Amino acid sequence: AKCVGLLRSIASGRRGVIATLVKQGLPQSSVDFLVQFVPEAFQDASELLSLLSEKDVVPLVERVVAASTALSICVANSSRGEMTAKILLSASLDTLVDGFHFM
């Protein structure tokens, strides 16, 4: 419980920390933990959107992984901001489609 509280506190107090972790390539088990126990991860939606839009800077593989994580965060926390969730969902799906099209 203390670990969850600490993570929630960090996520709510430091914008961009979740997006930075996502960019570093969190293991799926860590993503699942964030999605389930740290709803404040949704506060990084704009940073996740920026990450997904950096097509010339961030390699496609990293953007696809970020899109998958963003989708999970978005679906679990869409009630925290429906319009933001729709925008993040759309950008994530666009990135995933680009990834499949590229292959």
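Now for a description of the structure that goes with this document. Keep in mind the model is a prediction, meaning the values are calculated, not measured.

The rules behind each value
Residues numbered from 1 in each chain as written. Predicted model: local features only at pLDDT ≥ 70, side-chain atom pairs only at ≥ 80, totals over all residues. Heavy atoms only, no water. Helix = DSSP H or I, 4+ residues; strand = E, 2+ residues; numbered from the N terminus. Buried < 20%, exposed > 50% of the residue type's maximum accessible area, 1.4 Å probe, protein only. Expected span 1.5 Å × (residues − 1). Phe/Tyr/Trp six-rings, centres within 6.5 Å; stacked < 30°, edge-to-face > 60°.

On to the environment of Ser72, then. Its location among the elements puts Ser72 in helix 5 (residues 60–77). The partly exposed category is assigned to Ser72, whose relative accessible area is 27%. Each C-alpha atom, one on Ser72 and one on Asp56, is 24 Å from the other, the two residues being 16 residues apart in sequence.

Take helix 5 next. Taking 1.5 Å per residue as the helical rise, helix 5 with its 18 residues ought to reach 26 Å, and the 25 Å between its terminal C-alpha atoms agrees with that figure. Among all positions of helix 5, only Arg63, Ala66, Ala67, Thr69, Ala70, Leu71, Ile73, Cys74 and Asn77 are buried.

Evaluation of the coordinates by the stated rule reveals one aromatic pair. Where Phe33 meets Phe37, the ring centres are 4.9 Å apart and the plane angle is 45 degrees; that geometry is what we call tilted. Linking Phe33 with Phe37, this pair stays in helix 3 (residues 28–37), spanning four residues, or about one helical turn. Its relative accessible area of 29% is what places Phe33 among the partly exposed residues.

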